Each structure stands twice: as structure tokens, then as C-alpha cells.
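So the chains spell out like this:
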Amino acid sequence: MIAVITGDIVNSRELPSLWIEILKEALSALPKENTKWEIFRGDSFQIELPSQQALLTSVYIKACIKTIKGADVRLSIGLGTKAKIATTKVTEASGEAYVNSGEGFDGLKSNKVNLVVKSPSAEFDEDMNLYFKLALIAMDSWSPIASEVVKQTIENQNENQDKIAKISGRSQSSISEALKRAHFSEIMELEKKYRLLVDKVFEQWKSY
């Protein structure tokens, strides 16, 4: 089972043009192993990656984009299988994960949310999408400063706040306060829960 993230930049035409460079930098910073990405139609993109990494990757991309004032991103995580076809392009690939990601993305606007997941398990989807809605109350309100601190914290997961403060040029107390305002610890608890539940979905999927 793999994950496919389909996303686009909200109101990209109204944003400073630097959003495209920030998006490219964010995608280029993702782990190279088992991860492929492609930007298409100007402001849309798709990422194929291991299912365990999908939520943290989504949080990271959102943080990167929201370092621009007024910017945001819509993201749909699709979980499932991948069809065995001869292509190296993400946008030409197919399979259950791609279908689920596309269907989830198509429903983002009507459901008025910026993050959704669709998998082979309806129970998983129902629970996780409720968790996502609650997490988005915080994430959709991230300021550019809070987003920058979240971005740097994810990029330096093994470092303490003192080291992150040095990297960012801020004080340790300001790092701590920004992460608190962003509800970062709670979002990382959700990320851990996501990984746990994805494992259960994978085990159920293997049993069929």
C-alpha cells in the first residue's frame, strides 16, 4: 500500500510569484527514497510516497506554503495499491491510491476543508477525517511566523529548541511560544496516531 498526495495552491493567482519556488523547495526537501513528485497545471502537484509519511509530509507542505501571508494549500491523501504500468511520471501512474487521492481532492471544495484522506477502509476515513477537521482549526490559522517555525522544526526533528532557535535566528522562548500557538505538539500526536492506524489498515488490506 502506498500514498498519493494530490494538492493545489489556494488562489495562487492572487499570491506573490515566489510561492512556486517555495513549493519546489518543499517538494525537493522530501526524502528521496520511494518518493516521486510532479507539478502540473501551474499550481497543482502530486506526490507518490510511503503511506506512513503522508500526513507529516502534508503538514510540512502546508507549513512551507503558509510562510507566505495569505497563502494556503489543499491536500488529499489517497491510500491503496498502485497499478503496474511502465511509467516514471507520477501524473501518468494509476491504481487505487491515485483514484482515492483524486476522488478525495474533488470533494475538498464542497466539503470546505483543506485536508482529507481516502483509503480502502471507510472506518479509517471517517475517524481520521474528523481528526483532520479538528487539526485544521489550528493549521488553517497559522501565521507566517508560526508556519516558518513549524517548517524548521519538522526539518530538524532530531534537534532541540535551542538548536532550532539558532537556525532560525530567534530566541528559544519565541520558538516555544510559536509552536504552542500552532498546537504543534497536538498535531504531532495526531501524526503518530495516523501512523498507528495506517498500519492497521495495511494489515486488514493484506488479509483480503
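In case you missed it, the structure is sitting above this.
Residues numbered from 1 in each chain as written. Predicted model: local features only at pLDDT ≥ 70, side-chain atom pairs only at ≥ 80, totals over all residues. Heavy atoms only, no water.

*Asks:* Just give me the short version of the side chain of aspartate 72, but keep the residues and values in it.
*Replies:* Within the fold, aspartate 72 resides in the loop between helix 2 (54-65) and strand 4 (73-80). At 2.7 Å, the side chain of aspartate 72 and the side chain of lysine 62 are in polar contact. In this structure the side chain of aspartate 72 is engaged in a polar contact, spanning 3.3 Å, whose partner is the side chain of asparagine 114. Leaving out residues up to four positions away in the same chain, aspartate 72 has contacts with Asp8, Ile9, Val10, Lys62, Ile65, Lys66, Asn114 and Asp140. (Helix = DSSP H or I, 4+ residues; strand = E, 2+ residues; numbered from the N terminus. Polar contact = N/O pair within 3.5 Å; in protein donor to acceptor, adjacent residues only side chain to side chain. Contact = heavy atoms within 4.5 Å.)

*Asks:* Now, about the pairing of strand 1 (residues 2-9): what can you tell me, with residues and values included?
*Replies:* The element strand 1 is extensively covered by neighbouring structure, given that eight of its eight residues are classed as buried. Every second residue of strand 1 is oriented toward a common face, with Ile2, Val4, Thr6 and Asp8 on one face and Ala3, Ile5, Gly7 and Ile9 on the other, all of them buried. As paired elements, strand 1 and strand 3 (residues 44-50) share seven bridges and run antiparallel to each other. Residue pairing for strand 3: isoleucine 5 is matched across the bridge by isoleucine 47. (Buried < 20%, exposed > 50% of the residue type's maximum accessible area, 1.4 Å probe, protein only. Pairing = 2+ DSSP bridges.)

*Asks:* Hey, could you go over the nonpolar core for me, with residue numbers and the actual values?
*Replies:* Core analysis: the biggest nonpolar cluster contains 59 residues, and Phe45, Ile77, Leu79, Phe124 and Tyr194 have the highest contact counts within it. It is helix 2 that provides the largest number of residues to this core, a total of nine residues. With six residues, the next largest nonpolar core counts Ile2, Val90, Ala93 and Tyr98 among its residues. (Core = buried A, V, L, I, M, F, W, Y, C linked by side-chain atoms within 4.5 Å.)

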